[in-house]
Amino acid sequence: MQWEQLLSLKRQGDTSKRLRKEQDDTRLGFEVDYDRIIFSSAFRSLQDKTQVIPLSKTDFVHTRLTHSLEVSVVGRSLGRLVGKKIIEKHPYLQDIHGFQMNDFGAIVAAAALAHDIGNPPFGHSGEKAIGEYFKIGKGKQYKDQLTDKEWQDLVDFEGNANGFNLLATSRPGIEGGLRLSYATLGAFMKYPKESLPKKPTANIADKKYGFFQCDKVYFEDVAKELGLIRNKTGNDIGYERHPLAYLVEAADDICYTIIDFEDGINLGVISEDFALEYLIKLVKDNVQVEKYKSLKTKEDRVSYLRALAISSLINDAVKVFLDNEEAILAGKYPYALTDQGKYTAQMRDIINISVENIYQSREVVEKEVIGYRIINILLDTFCTAYNNKYDGKESNYDKLVLKMLPEKFVTDKMNLYDRLLHISHFVSTLTDGKALLLYNTITGVK
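Model, not experiment: these values are computed from the prediction.

What counts and how
Residues numbered from 1 in each chain as written. Predicted model: local features only at pLDDT ≥ 70, side-chain atom pairs only at ≥ 80, totals over all residues. Heavy atoms only, no water. Helix = DSSP H or I, 4+ residues; strand = E, 2+ residues; numbered from the N terminus. Rg over C-alpha atoms; globule rule 2.2 N^0.38 Å. Buried < 20%, exposed > 50% of the residue type's maximum accessible area, 1.4 Å probe, protein only. Contact = heavy atoms within 4.5 Å. Areas by Shrake-Rupley, 256 points an atom, 1.4 Å probe, with all protein chains shown as cover. Lys, Arg positive; Asp, Glu negative; His and termini not counted. Charge placed at Lys NZ, Arg CZ, Asp CG, Glu CD. Phe/Tyr/Trp six-rings, centres within 6.5 Å; stacked < 30°, edge-to-face > 60°. Lys NZ or Arg CZ within 6 Å of the ring centre and 35° of its normal. Domains from an automatic or database assignment. Buried area = accessible area lost by both parts, 1.4 Å probe. Salt bridge = Lys/Arg side-chain N within 4 Å of Asp/Glu carboxyl O. Polar contact = N/O pair within 3.5 Å; in protein donor to acceptor, adjacent residues only side chain to side chain. Nonpolar A, V, L, I, M, F, W, Y, C, P; charged D, E, K, R; others polar. Expected span 1.5 Å × (residues − 1). Axes fitted to C-alpha atoms, helices over the stretch in contact; angles between N-to-C directions. Parallel < 35°, antiparallel > 145°, perpendicular 65-115°, else oblique. Core = buried A, V, L, I, M, F, W, Y, C linked by side-chain atoms within 4.5 Å.

Section: the overall build of the protein chain
Then, in step 1: What the protein chain contains, in helices and strands, is 21 helices and 0 strands.
Then, in step 2: Computed over the C-alpha atoms, the radius of gyration of the protein chain is 22 Å, within 12% of the 22 Å expected from 2.2 N^0.38 for a compact globule of 446 residues.
Then, in step 3: Sorting the 446 residues of the protein chain into buried and exposed places 55% on the buried side.
Then, in step 4: The long-range fraction of contacts in the protein chain, counting pairs at least 24 apart against all pairs at least 6 apart in sequence, stands at 73%.
Then, in step 5: Carbon and sulfur atoms make up 50% of the accessible area of the protein chain, which amounts to about 19,800 Å² in all.
Then, in step 6: For the protein chain, the centre of its 60 positive side-chain charges and the centre of its 63 negative side-chain charges are spaced 2 Å apart.

Details of the environment of leucine 226
Then, in step 1: Its place among the elements puts leucine 226 in helix 11 (residues 216-226).
Then, in step 2: Exposure remark for leucine 226: the relative accessible area of 0% places this residue in the buried category.
Then, in step 3: Distance in space between the C-alpha atoms of leucine 226 and arginine 348 is 33 Å, their sequence separation being 122 residues.
Then, in step 4: Each residue touching leucine 226, except ones within four places of it in the same chain, is listed here: Gln5, Leu6, Ser8, Tyr182, Ala183, Gly186 and His242.

As for the packing of aromatic side chains
Then, in step 1: Counting across every chain of the model gives 15 aromatic pairs.
Then, in step 2: Relative to tyrosine 278, the ring of phenylalanine 261 has its centre 6.5 Å away and its plane inclined at 80°; by these criteria the two rings are edge-to-face. Taken together, the positions of phenylalanine 261 in helix 12 (residues 243-267) and tyrosine 278 in helix 13 (residues 272-283) put the pair 17 residues apart, joining distant regions of the chain. Of the two residues examined, phenylalanine 261 and tyrosine 278, each falls in the buried class.
Then, in step 3: An aromatic cluster of at least three residues, connected via ring pairs, comprises Phe164, Tyr182, Phe211, Tyr218 and Phe219.
Then, in step 4: It is arginine 241 that lies over the ring of tyrosine 246; its NZ or CZ is 5.1 Å from the centre.
Then, in step 5: Sitting above the plane of the tyrosine 390 ring, arginine 419 keeps its charged end 3.8 Å from the centroid.

Quick notes on the domain arrangement of the protein chain
Then, in step 1: Under the domain assignment used here, the protein chain contains domain 1 (3-119 + 243-359) and domain 2 (362-443).
Then, in step 2: Computed over C-alpha atoms, the centres of domain 1 and domain 2 are 33 Å apart.
Then, in step 3: Across the boundary between the two partners, domain 1 contributes 14 residues, which contact 12 residues of domain 2.
Then, in step 4: For the domain 1 and domain 2 pair, buried surface summed over both sides reaches about 1,000 Å², with 55% attributable to carbon and sulfur atoms.
Then, in step 5: Where domain 1 packs against domain 2, one counts 0 salt bridges.
Then, in step 6: At the junction of domain 1 with domain 2, the criterion picks out 4 residue pairs in polar contact (both at pLDDT 80 or more).
Then, in step 7: For the side of domain 1 that touches domain 2, the residue count by class is 6 nonpolar, 6 polar and 2 charged.

Here we look at the pattern of salt bridges
Then, in step 1: Scanning the entire structure with this criterion turns up 25 salt bridges.
Then, in step 2: A salt bridge links arginine 20 to aspartate 103; the nearest nitrogen and oxygen atoms lie 2.7 Å apart. Of this pair, arginine 20 sits in the loop between helix 1 (3-6) and helix 2 (29-38) while aspartate 103 sits in helix 6 (residues 101-113), and the two are 83 residues apart along the sequence.
Then, in step 3: Judged by relative accessible area, aspartate 103 falls into the buried class, the value being 1%.
Then, in step 4: A salt bridge links aspartate 35 to arginine 27; its shortest N-O distance comes to 2.5 Å.
Then, in step 5: Because the salt bridges share partners, they merge into one network encompassing Lys149, Glu194, Lys216 and Asp236.

What to know about helix 12
Then, in step 1: The terminal C-alpha atoms of helix 12 lie 37 Å apart, and with 25 residues this matches the ideal 36 Å at 1.5 Å per residue to within 8%.
Then, in step 2: Among the 25 residues of helix 12, 23 are classified as buried, and the element is accordingly described as predominantly covered.
Then, in step 3: Two residues or fewer after helix 12 comes glycine 268, characterised by a positive phi angle close to 90°.

Structural notes on the packing of helix 7 (residues 124-135) against helix 8 (residues 148-155)
Then, in step 1: Running from amino to carboxyl end, helix 7 crosses helix 8 at an angle of 130°, the nearest separation of the two axes being 7 Å. Here helix 7 is positioned oblique relative to helix 8, judged by the angle of their axes. Contacts between helix 7 and helix 8 involve Ile130, Gly131, Phe134 and Lys135 on the former and, on the latter, Trp151, Leu154 and Val155.
Then, in step 2: Here the residues of the contact of helix 7 with helix 8 are counted per class, giving 5 nonpolar, 1 polar and 1 charged.

Details of the environment of arginine 76
Then, in step 1: Position of arginine 76 among the secondary structure elements: in helix 4 (residues 64-89).
Then, in step 2: In the structure, arginine 76 is positioned 31 residues away from isoleucine 107 in sequence and 7.9 Å away in space, judged by C-alpha atoms.
Then, in step 3: Contact partners of arginine 76, with chain neighbours within four places excluded, come to Gly105 and Ala109.

A word on unusual backbone geometry
Then, in step 1: The omega angle of the peptide bond from leucine 196 to proline 197 is 0°, so this bond is cis rather than trans.
Then, in step 2: Tracing the backbone shows proline 197 in the loop between helix 10 (182-188) and helix 11.
Then, in step 3: The backbone of phenylalanine 122 shows a phi angle near 65°, a positive value even though the residue is not glycine.
Then, in step 4: Among the structural elements, phenylalanine 122 can be located in the loop between helix 6 and helix 7.
Then, in step 5: On the basis of relative accessibility, which here comes to 1%, the residue phenylalanine 122 falls in the buried class.
Then, in step 6: The backbone of lysine 199 sits at a positive phi, close to 45°, despite the residue not being glycine.
Then, in step 7: Looking at where lysine 199 falls in the secondary structure, it is placed in the loop between helix 10 and helix 11.
Then, in step 8: Classification of lysine 199 as exposed rests on a relative accessible area of 53%.

Brief notes about the nonpolar core
Then, in step 1: Counting 93 residues, the largest nonpolar core has Trp3, Leu78, Phe164, Leu244, Leu279 and Leu282 as the members making the most contacts within it.
Then, in step 2: Excluding its chain neighbours within four sequence positions, the residues that come into contact with leucine 282 are Ile258, Ala309, Ser312, Leu313, Tyr343, Gln346 and Ile350.
Then, in step 3: Listed in part, the 39 residues of the second largest apolar core include Tyr142, Ala161, Ala385 and Ile423.

As structure tokens, this is what we get:
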């Protein structure tokens, strides 16, 4: 892969080539991507979507929106630090093409800002709830009418693929969704493959999938424009990652590891003693003991350690990336950056503590149970009504149900797969609160 191709400014529908050296630096295309994401309704909805604690009203707890903003900040730092070294190593990128160090930071920041934009309500249990409606719920009745790959899209409903759909799918009058640059879309695509074959290799890029069957043509257009390396044969579609996707992933890994841990400490479900025991391993080379001792509140002490820990992990991820740049460009680096760094073991220890004390806590489990029930009822109600309308079996109740669809979802889909994915997509865009409100309306519960 070649950096000048990977940094493509092309947008869907372009009829002429966009050149970096002709860009207006006061309104750079990669920065426009960031603006378009942050002003989108899909991004706004993240303010009421679960990060760790579903439906929590606690001030300390992060939502998907605050998490995404923090991942974007870390991603920007990763991108700039890497970009500085890449420009120094490959000066032609600046001398001939006009690329700058900050371009890398802008691309990673925009992709990181959008990295959770496709996640359903109620956290990762929301993805599982949608998939299990089709796999073991009433939705399994549709299996025989779909292709294997269409069916896999539904039973393995994936937030990353849903995010690509949100960012890139056209609607009447809105071609190409948010019309992001292909470089940003490439950095967003952590798993550049379709849903089947499932996990065909141990390569990190094969861990999940990145696009639905309905988005295959556009996905391939983006991959080919960027010069991504094809790694599947026959009719199966899959590519090696865009190099900057490694940085987006690292930013996410760093933030959820450290900040979820910080949330747990501030909530009191993890002892502050654990902060010292585990975070000090990440910051021992940089911590100022007198500064730490001068902080009087638990929140301030943990915040100080968190900032130092994130800085240590950023520098480590940058080193791993730069040490392996040639392998990454050759499509021969099958690992996450944080799985090959100086602090890999320490990060795993912190995650294990968070799993035990936060992710599997009674509050989280109870709210995820509620989320499963809500999503199951919503999917069944709207899928039934939507399909009944298409089949000419629409009841008065179905008509009323469909009137609750937002205007942009009031559209006819002739194909069963498209209809089922359309409703799944609608449910996925709901906030936790809106999903609960719709559920209460449908079930008659206050």
